[in-house]
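Descriptive structure summary
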Amino acid sequence: MSSSKYQFIHNIIPHLSPSQKGQGRANVNIALAKYWGKRDIELNLPTNSSLSISLPGLGTETTIQWIDNSKDTITLNDQPCKPEQPFAARLSHFLEPFRPDPQGGFEIKTHNSVPTAAGLASSASGYAALVLALNDCFQWQLDLKSLSLLARLGSGSASRSVYDGFAIWHQGQQQDGMDSFAEKIDQAWSNLKIGLLEIDISEKPIGSTQGMQQTVNHCELYQAWPQKAEKDVVTLQSAIANQDFTLLGTTAENNALSMHATMLATWPPICYFQPDSIQAMQQVWQLRAQGTEVYFTMDAGPNLKLLFLEKDQQQLKESFPNLKVIHPFSVESETTT
Ligand code: PMV
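Residues numbered from 1 in each chain as written. Predicted model: local features only at pLDDT ≥ 70, side-chain atom pairs only at ≥ 80, totals over all residues. Heavy atoms only, no water.

1. Some thoughts on the overall build of the protein chain
Each helix and strand in the protein chain was counted, giving nine helices and 14 strands. In terms of overall size, the protein chain behaves like a compact globule, its C-alpha atoms giving a radius of gyration of 20 Å where 337 residues would be expected to give roughly 20 Å. Counting only C-alpha atoms and orienting by the principal axes, one finds that the protein chain spans roughly 65 × 45 × 35 Å. Across the 337 residues of the protein chain, 54% fall into the buried class. Put simply, of all contacts in the protein chain between residues at least 6 apart along the chain, 73% involve residues at least 24 apart. Carbon and sulfur atoms form 49% of the exposed surface of the protein chain, whose accessible area is close to 14,800 Å². On the protein chain, the mean spot of the 24 positive side-chain charges and the mean spot of the 33 negative ones are 1 Å from each other. (Helix = DSSP H or I, 4+ residues; strand = E, 2+ residues; numbered from the N terminus. Rg over C-alpha atoms; globule rule 2.2 N^0.38 Å. Buried < 20%, exposed > 50% of the residue type's maximum accessible area, 1.4 Å probe, protein only. Contact = heavy atoms within 4.5 Å. Areas by Shrake-Rupley, 256 points an atom, 1.4 Å probe, with all protein chains shown as cover. Lys, Arg positive; Asp, Glu negative; His and termini not counted. Charge placed at Lys NZ, Arg CZ, Asp CG, Glu CD.)

So this is what it looks like as structure tokens:
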């Protein structure tokens, strides 16, 4: 992150004098209109806007402290990480522009409450929590828009994880990415539920950055994607404003399948589906045909996330006994198994 592309960071952060041990926490989010494709890999600038919902209770908590005359020390879930481990190397690289001097290092302790069984990527909550911790450590008092912009540099989807509830990440047009940040959609939806359906939680064969690049460069269908995604973002905004669940569900499921269609149509093909993913999709379609309104979305992995309303929760628990239910907008309890 030392390239001149990062000069703009110093227009956002007021200084580099750490004042205390900082802490931050953020939830993971799932996109209902997906981010798939970068126009700038280094700055994580997307080819389309995206829209997400945050999953309360599933996220990352991080503390950070600057130590003079030291190297970075990173622990993940109480386990020390070796500097050459990909998790630690990526984090130290991200921190380059935030170092007060080259002699010291950051001490970072991070905990993910994302259960491995959920099969959710934690980089979104991870980089959002890290940026919130930096803001606290340096006492910058940045607004959420600036924090979203900085989190984006760690992981694109992290730009949306600085908010609870629904968020929209604006694609932006500027080369330096100053107009590419997420904003909260200030609308709750109390009976909307998300179900996590675990298919396989082993490490995915192709990471999202590589998958995106392969699709952008080698898929003829990809040309249609950015426009399709932008249209879906607008439709979802209206579905949220009107609490139109049918519009929300149909748009989200179609958006996810359209994204996967671009992956399948790339060469060499990228397929995150496993036989059990397809079987679960067919079960969702069958339930819908029988009158239960349930939809799914899928990211760069084989696991499904179901969208449904509270009234159908019991029925879905019966159809999918391992379903982990998230309550994105209810105050009482955030998750039930
Ligand atoms: O932020 P990344 O690089 O992990 O990419 C996320 C890509 C998807 O999860 C497939 C879609 C999205 O918008 O979250």
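Resuming the write-up.
2. Thoughts on the pattern of salt bridges
Evaluated as defined, the whole model comprises eight salt bridges. Between Asp72 and Arg99 there is a salt bridge whose closest N-O contact spans 2.7 Å. With a gap of 27 residues between them, Asp72 in the loop between β4 (50–67) and β5 (73–76) and Arg99 in the loop between α2 (86–95) and β7 (105–112) connect regions that are remote in the sequence. Because the salt bridges share partners, they merge into one network encompassing Lys34, Asp299 and Lys305. (Salt bridge = Lys/Arg side-chain N within 4 Å of Asp/Glu carboxyl O.)

3. Some points on the site of the ligand
In the neighbourhood of the ligand, 13 residues make up the surrounding shell, with Tyr35, Ser155, Ser157, Arg160 and Ser208 lying closest. A distance of 2.7 Å separates an oxygen atom of the ligand from a polar side-chain atom of Ser157. With respect to the ligand, the side chain of Ser208 contributes an N or O atom lying 3.1 Å from an oxygen atom. In terms of residue class, the shell around the ligand is built from five nonpolar, five polar and three charged. Lining the shell around the ligand are residues from two domains, each supplying at least three of them: domain 1 (3–185) and domain 2 (192–336). (Near = heavy atom within 4 Å. Polar contact = N/O pair within 3.5 Å; in protein donor to acceptor, adjacent residues only side chain to side chain. Nonpolar A, V, L, I, M, F, W, Y, C, P; charged D, E, K, R; others polar. Domains from an automatic or database assignment.)

4. Some thoughts on the environment of Arg288
Mapped onto the elements, Arg288 comes out in helix α8 (residues 275–289). Every residue in contact with Arg288, bar those within four places of it in the chain, is listed here: Glu253, Glu293, Val294 and Tyr295.

5. Side note on the domain arrangement of the protein chain
Domains assigned within the protein chain are domain 1 (3–185) and domain 2 (192–336). Each of domain 1 and domain 2 was reduced to a C-alpha centroid, and the two centroids are 24 Å apart. With 32 residues of domain 1 at the interface, the matching set in domain 2 holds 44 residues. Between domain 1 and domain 2 lies a buried interface of about 3,100 Å² when both sides are counted; carbon and sulfur atoms form 74% of it. On the domain 1 side of the interface with domain 2, the three residues burying the most area are Leu32, Lys34 and Trp36, jointly 29% of the side's total. Between domain 1 and domain 2 we count one salt bridge in total. Between Asp299 and Lys34 there is a salt bridge, with the nearest N and O atoms lying 2.7 Å from each other. The interface formed by domain 1 and domain 2 contains 10 residue pairs in polar contact (both at pLDDT 80 or more). The biggest single contributor to the side of domain 1 that touches domain 2 is β4, with eight residues. The class makeup of the residues in the side of domain 1 that touches domain 2 is 19 nonpolar, 11 polar and two charged. (Buried area = accessible area lost by both parts, 1.4 Å probe.)

6. Considerations on the packing of aromatic side chains
The final tally for this structure, using the stated rule, is 11 aromatic pairs. Centre to centre, the rings of Phe94 and Tyr127 are 5.1 Å apart; their planes meet at 75°, and the pair counts as edge-to-face. On the criterion of sequence distance, the pair formed by Phe94 in helix α2 and Tyr127 in helix α3 (residues 123–138) is long-range, its members being 33 residues apart. Of the two residues examined, Phe94 and Tyr127, each falls in the buried class. Ring plane angle 55° and centroid distance 5.9 Å describe the contact between Trp285 and Phe296, whose orientation is recorded as tilted. Within this pair, whereas Trp285 is found in helix α8, its partner Phe296 is found in strand β11 (residues 295–297), the two being separated by 11 residues in sequence. Trp285 gets classed as partly exposed once you look at its relative accessible area, which sits at 35%. Here a set of aromatic residues connected by ring pairs shows up, and it is made of Trp66, Phe94, Phe98, Phe106, Tyr127, Phe138 and Trp140. (Phe/Tyr/Trp six-rings, centres within 6.5 Å; stacked < 30°, edge-to-face > 60°.)

7. Considering the side chain of Gln171
In this fold, Gln171 is placed in the loop between β8 (166–169) and β9 (182–185). In this structure the side chain of Gln171 is engaged in a polar contact, spanning 3.3 Å, whose partner is the backbone oxygen of Thr47.

8. Examining the pairing of β8
Burial of the side chains of β8 extends over both faces: Phe166 and Ile168 are buried on one face and Ala167 and Trp169 on the other. Pairing of β4 with β8 involves four bridges; the strand directions are antiparallel. The residue bridging Ile53 from the neighbouring strand is Phe166, located in β8. When β8 meets β9, the two strands line up antiparallel, connected through four bridges. Directly across from Ala167, in β9, lies its bridge partner Lys184. (Pairing = 2+ DSSP bridges.)

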